[in-house]
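Chains, contacts and geometry: an overview
Take a look at the letters that make up each chain.
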Amino acid sequence: MSTFQGVVAVDGPSGSGKSTVSRRLAEALDAAYLDTGAMYRAATWAVLQAGVDPHDADGVLKVVEAAQIEIGTDPAAPHVSVDGVGVDAPIRGPQVTAAVSAVAAVPGVRTLLVGAQRALISAAGAIVVEGRDIGTAVAPEARLKVYLTADVTERARRRSQETEADQHATAADLLRRDAHDSGRKADPLRQADDAVELDTTALSIDEVVARLLELAVAR
């Protein structure tokens, strides 16, 4: 059993392998696991269900303030619900994917969800947290900060395999989200100054997990 204690922050753009790698790393460290992106997707699902324009910041914030978003931190069985309704499948659909960057850019939404994320982190002795602003905004004191990246062509290949979508269209969507998430004013996607950058383009999942496990144990 691992004796690791603390936070591992895993940031990076879509398709870099964050979710799979973070879950596997959490299991290897006997740690909790938090997918912050799922929380923003759940918030986006709530906004769409309410019929609110994702670009209407005031309307979006009202919906998210009223929504009860709960997320599990067991890496073997991650799940998320909104007002008691399981939304694991629908939050991965194309409608939510297209709208999540707009919802996540609302400062008030980020304040709410970052507060919830920090509470979950505080309750865990050891936790792997993945997202876009973990090392820079959510848990800047993380014991280990990692920034996963990969060539956009490889990221699109991976994502299109998951969703069965056209790879070229997926690449265009990834670039759009990269630009939006990197350019937003509130907690933009960027690499923390003290993060270890790992390019996963030519690496297998096992190789990435092994490398991160080495880094975590060394800390």
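For the structure, see preceding data.
Source: prediction; values computed, not measured.

Per the counting criterion, the structure on display carries 8 salt bridges. As a salt-bridge pair, D206 and R24 come within 2.2 Å of each other at their nearest N and O atoms. Of this pair, D206 sits in helix α9 (residues 205-218) while R24 sits in helix α1 (residues 18-28), and the two are 182 residues apart along the sequence. On the accessibility criterion, R24 (33% relative accessible area) is partly exposed. Residue R211 is joined to E214 by a salt bridge in which the shortest nitrogen-to-oxygen separation is 3.4 Å.

As a further point, take α9. Its 14 residues place the ends of α9 20 Å apart at the C-alpha level, agreeing with the 20 Å of an ideal helix rising 1.5 Å per residue. Listing the buried residues of α9 in full gives V208, V209, L212, L215 and A216. Each buried residue of α9 sits inside an arc of 125 degrees when the element is viewed along its axis, so together they form one side. Structural note: α9 exposes E214, V217 and A218 on the side pointing more than 90 degrees away from its buried face.

All of the buried residues along α1 are K18, V21, S22, L25 and A26. In an axial view of α1, the angular spread of the buried residues amounts to 130 degrees, which keeps them on one side of the axis. Tucked inside the fold, the buried residues of α1 contact β1 (6-11), β2 (32-35), β6 (126-131), β7 (144-149) and α9. The first or second residue beyond α1 is D30, which carries a positive phi of 55 degrees.

Before going further, it helps to examine unusual backbone geometry. In the Ramachandran plot, D30 falls in the positive-phi region, its phi being about 55 degrees despite a non-glycine side chain. Along the polypeptide, D30 turns up in the loop between α1 and β2.

Further remarks concern the side chain of R158. By secondary structure assignment, the location of R158 is in helix α7 (residues 152-163). Residue classification places R158 among the buried residues on the basis of a relative accessible area of 16%. Within the structure, the side chain of R158 is placed 3.2 Å from the backbone oxygen of G15, a separation counted as a polar contact. Here E154 takes part through its side chain, which lies 3.0 Å from a polar atom of the side chain of R158. Aside from chain neighbours lying at most four places away, what touches R158 is G15, S16, G17, A150, T200, T201 and L203.

Conventions used here
For every chain, the first residue of its written sequence is number 1, and the numbers climb from 1 along that sequence. Reporting in this predicted model follows two pLDDT cut-offs: at least 70 for local features of residues, and 80 or more for side-chain atom pairs to be given and counted; totals over whole chains, interfaces and linings ignore these cut-offs and use all residues. Here the side-chain values reflect all heavy atoms present in the structure, with hydrogen atoms and water set aside. Here, a salt bridge means any side-chain nitrogen of Lys or Arg that lies within 4 Å of a carboxyl oxygen of Asp or Glu. In this text, helices come from DSSP runs of H or I with a minimum length of four residues, and strands from runs of E with a minimum of two, each type numbered from the N-terminal end. Residue burial is assigned from relative accessible area. The probe radius is 1.4 Å, only protein chains are included, and a residue is buried under 20% of its type maximum, exposed over 50%, and partly exposed in between. Take the residue count of a helix, subtract one, and multiply by 1.5 Å to get its expected span. What the arc measures is the spread of directions leading from the helix axis to the C-beta atoms. Should any heavy atoms of two residues lie within 4.5 Å, those residues are counted as being in contact. Any pair of N or O atoms that falls within 3.5 Å is considered a polar contact. Within protein, one atom must be able to donate a hydrogen and the other to accept it, and sequence-neighbouring residues count only if both atoms are side-chain atoms.

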